[in-house]
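# Structural characterization, general
This is what each chain is made of:
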Amino acid sequence: LYISLLVAAVATPALGRSPEKAWRKFVSAENDYTCFFPGNWHPLPPDQGNLNVVSFPLSRRLRGSIVPYGGAQIFIAQRPDDVTDIESWIRHDRFSADQMSRTRIVLERASPKQPLQLIEVISDWGESGSRFEDVNCYFEISGHFFKGSLSYWKDDPKSREYLAVLHKIVESVRVSGEASQ
């Protein structure tokens with residue numbers, strides 16, 4: 001199976017807090033959605049054609065766990081075939097971790113200019129001394145279901161920064177044929 005990944009450098013100041021840093025465009029393998037990610041994040045091989053990026057050079061990856069302390073991983077996934085709505089997807093994920101919170105939040109998409117409602121589930125997992133925190137944002141755009149996932153070491157001082165990046169990536173998701181305003 002050959003999966004192509006198109007990553008192009010583009011300046012998108014509206015997506016980042018630092019306009020001097022370019023964001024790059026990701027096009028899914030099946031060309032059914034696009035999104036942007038920070039230019040200083042590094043793409044991993046696409047997971048079933050979906051976006052998968054890390055905040056650190058790939059040479060820093062750890063054995064057994066991809067994310068080193070002080071690093072984060074974000075991926076965007078499309079719904080599994082056996083999931084019919086967001087609630088069933090959350091149940092389908094069956095968090096083996098300790099679910100810490102579940103919140104409905106609204107993000108503002110720039111184009112088309114409209115609110116994006118999502119359910120954010122935060123959980124932590126791991127063993128003593130190596131605890132991780134996951135943030136999963138479930139959302140729907142034009143009948144397409146997505147999950148934006150963020151993983152990082154629990155108590156990482158950059159956790160708010162990582163969450164802001166996840167939210168900006170989620171806001172940037174566009175499905176093929178979606179009208180811009």
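Refer to the structure printed above.
Residues numbered from 1 in each chain as written. Predicted model: local features only at pLDDT ≥ 70, side-chain atom pairs only at ≥ 80, totals over all residues. Heavy atoms only, no water.

## Details of the overall build of the protein chain
- Across its full length, the protein chain carries two helices and eleven strands.
- For the protein chain, the α and β elements follow one another from N to C terminus as β-β-β-β-β-β-α-β-β-β-β-α-β.
- Counting over 181 residues, the protein chain shows a buried share of 45%.
- Summarising the internal contacts of the protein chain: among those between residues at least 6 apart in sequence, 46% fall at separations of at least 24. (Helix = DSSP H or I, 4+ residues; strand = E, 2+ residues; numbered from the N terminus. Buried < 20%, exposed > 50% of the residue type's maximum accessible area, 1.4 Å probe, protein only. Contact = heavy atoms within 4.5 Å.)

## A few points about the pattern of salt bridges
- Counted under the stated rule, the structure contains seven salt bridges.
- We note a salt bridge from Arg104 to Glu87, for which the minimum N-O separation is 3.9 Å. Note that Arg104 is positioned in strand 7 (residues 98-110) and Glu87 in helix 1 (residues 86-93), a separation of 17 residues in sequence.
- Counted as one network, the salt bridges with shared partners bring together Asp124, Arg131, Glu133 and Lys154. (Salt bridge = Lys/Arg side-chain N within 4 Å of Asp/Glu carboxyl O.)

## Thoughts on helix 2 (residues 159-172)
- Between its first and last C-alpha, helix 2 extends 20 Å over 14 residues, near the 20 Å set by a 1.5 Å rise per residue.
- Along helix 2, the residues classified as buried are Tyr162, Val165, Leu166, His167, Lys168, Ile169, Val170, Glu171 and Ser172. (Expected span 1.5 Å × (residues − 1).)

## Notes on the side chain of Glu133
- Along the chain, Glu133 turns up in strand 9 (residues 130-141).
- Reaching out from Glu133, the side chain makes a polar contact with the side chain of Tyr152 at a distance of 2.6 Å.
- At 3.4 Å, the side chain of Glu133 and the side chain of Lys154 are in polar contact. (Polar contact = N/O pair within 3.5 Å; in protein donor to acceptor, adjacent residues only side chain to side chain.)

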